[in-house]
Each structure stands twice: as C-alpha cells, then as structure tokens.
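Descriptive analysis of the structure
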Amino acid sequence: GAVVSQHPSRVICKSGTSVKIECRSLDFQATTMFWYRQFPKKSLMLMATSNEGSKATYEQGVEKDKFLINHASLTLSTLTVTSAHPEDSSFYICSASGLGGRETQYFGPGTRLLVL
Amino acid sequence: GENVEQHPSTLSVQEGDSAVIKCTYSDSASNYFPWYKQELGKGPQLIIDIRSNVGEKKDQRIAVTLNKTAKHFSLHITETQPEDSAVYFCAASIMKAGTALIFGKGTTLSVSS
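Below is a short write-up of the structure. Computed from a predicted structure; not experimentally measured. (Residues numbered from 1 in each chain as written. Chains lettered and ligands numbered in written order. Predicted model: local features only at pLDDT ≥ 70, side-chain atom pairs only at ≥ 80, totals over all residues. Heavy atoms only, no water.)

Considering the pattern of salt bridges
Residue and element names in this part refer to chain B. The test is simple: Whenever Lys or Arg places a side-chain nitrogen within 4 Å of a carboxyl oxygen from Asp or Glu, that contact is recorded as a salt bridge. Numbering of helices and strands starts at the N terminus; helices are DSSP runs of H or I of at least 4 residues and strands are runs of E of at least 2.
Applying the stated criterion across every chain, the model contains 7 salt bridges over all chains. One salt bridge in this structure joins Lys 57 and Asp 49, with 2.9 Å as the shortest N-O distance. Note that Arg 61 is salt-bridged to Asp 84, the shortest N-O span being 2.9 Å. In this pair, Arg 61 sits in the loop between strand S6 (56-59) and strand S7 (62-67) while Asp 84 sits in the loop between strand S8 (72-77) and strand S9 (86-96), placing the two residues 23 residues apart along the sequence.

Let's talk about the pairing of strand S3 (residues 19-25) of chain A
Residues and elements named next belong to chain A. We apply this condition: Partly exposed describes any residue whose relative accessible area lies between the buried limit of under 20% and the exposed limit of over 50%, with all areas from a 1.4 Å probe on protein chains only and scaled to the type maximum. Note on pairing: DSSP must find at least two bridges between two strands before they are called paired.
Along S3, the buried face is formed by Val 19, Ile 21, Cys 23 and Ser 25; none of Lys 20, Glu 22 and Arg 24, which line the opposite face, is buried. The sheet contact formed by strand S1 (residues 4-7) and S3 spans 4 bridges and is antiparallel. In the sheet register, His 7 faces S3, and the bridge partner there is Glu 22. Here 6 bridges tie S3 to strand S8 (residues 76-81), and the two strands are oriented antiparallel to one another. Each residue of the ladder has a partner; that of Val 19, found in S8, is Val 81.

A look at the nonpolar core
Threshold: For the purposes of this section, nonpolar cores are sets of buried Ala, Val, Leu, Ile, Met, Phe, Trp, Tyr and Cys residues that join through side-chain atoms within 4.5 Å. Throughout, a residue-residue contact means that at least one pair of heavy atoms, one from each residue, lies within 4.5 Å.
Residues Tyr 36 of chain A together with Trp 35, Phe 73, Leu 75, Tyr 88, Phe 103 and Leu 109 of chain B are the most contacted members of the largest nonpolar core, which totals 40 residues. For this core, the leading source of residues is S9 of chain B, giving 7 residues. Those residues in contact with Phe 103 of chain B that sit more than four places away from it in its chain are Tyr 36, Ser 43, Leu 44 and Phe 107 of chain A together with Val 4, Tyr 36, Phe 89, Cys 90 and Ala 91 of chain B. One finds Ala 2, Cys 23, Ala 84 and Leu 113 of chain A within the second-largest nonpolar core, a separate group that totals 26 residues.

Structure representation (structure tokens):
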C-alpha cells in the first residue's frame, strides 16, 4: 500500500509555456498533499500544502500565481508551473498523507522539469 | 524558525559495518520523526519513523532512537550492504496547514564492498 504516482516523470518545455504535473495516491485517500522542490544534491524544500477541496497554503517566498495548485479530489493534486522560465527548472516531488497516521507522508517518484 | 540539523553530510563505510546518522531539531512541539532514503533521480522512500511517545524502534537492520529531552534522534543501519548506498534524510513534524515536515540536509551514504 501507500503508492503515490506522478506524471509526467520528466518534461522539457519552452520558456513562457505552462506545465502541469499530476500527483495521485493510488491505493489510499490523501487528505493532505504536499509539493516540494529539490535542487541537485540539496534537501527538499516545501512549496505548499493542500487539503482536498480547499485552497493551498504556500510557503513564504513561493509565488502562488506562478505555482498553481489544485487538490480536486482525495486522490489527485496538480501543480501547474505558469509562464515557466529556466530558473524554474528543478525536480518537483509531491507527497500525500492520510494513511498510517496523519503525519506520515508518502512521496511520489518526482518530475524533472527542464525549461529551455 | 524551525530547523533540523543532520550530520554527517557524507558517510563512507565498508560492507558489513554499521552506519549512524544523527539529527537534532529545534521545535519542541515536534512529535513525529521519519527517515527517508532517496536514490538518484527518485522520490524519497519512507524507511522508518518514530513518534515522541517511543524511545526506540527497530525494523530488521534499521533502528531509530529518539531523545526528546535533548531534541535529537538517530538512524542506525547494521550490516550495511552496497544497496544501502543512497541519500538519507531525517525530518521532524511541524504544525502548518496540516502536519508538515521539515527536512535535514541529507547524508550521502556510500557502502563499498
């Protein structure tokens, strides 16, 4: 149990375009989903927390108009990087909690975004 | 603000040896401490966790200890194998919109055969 998937696994896009990343909990209902960003050889940086049916809570310094998060159901959250620029290139990872104790987070495999 | 310090940043051991990674946290309200293993290009995988009402937890070759008074917790891997080579992250819970985690900076463990 506790499988979280992400799609796509990697994406290359042109500067100025928007990219949507999906995060799904496959075998449990995720009351909360989290989005992280990770730079090479660095730790995970929390971007935002989303609860199903409500607006996401963004961390300080994260632009909510640039990183749009939707948590439409208990198994799906999406992150849309709008008007992407090369500095948005990164590894984006989602996690979901709702199984095995509300604090326990299970991570997806990550999405590698490269903006040209 | 909340902070988690993790040491060492890199650790090299011979196959069969033990490996210990230590973390300290700052938020006295933290009550949940997971450890994750991340292989290159993949998402973190939960390997063990401990809650504040427990001082030690073991799962086969992996154990975690927690000292709430000193605000530190440690990961112990015994009889290391080359497949244990990865980056390990500790984390501590913090209350945000739901229970979020704050992560240490990671330890790169290399097990040579």
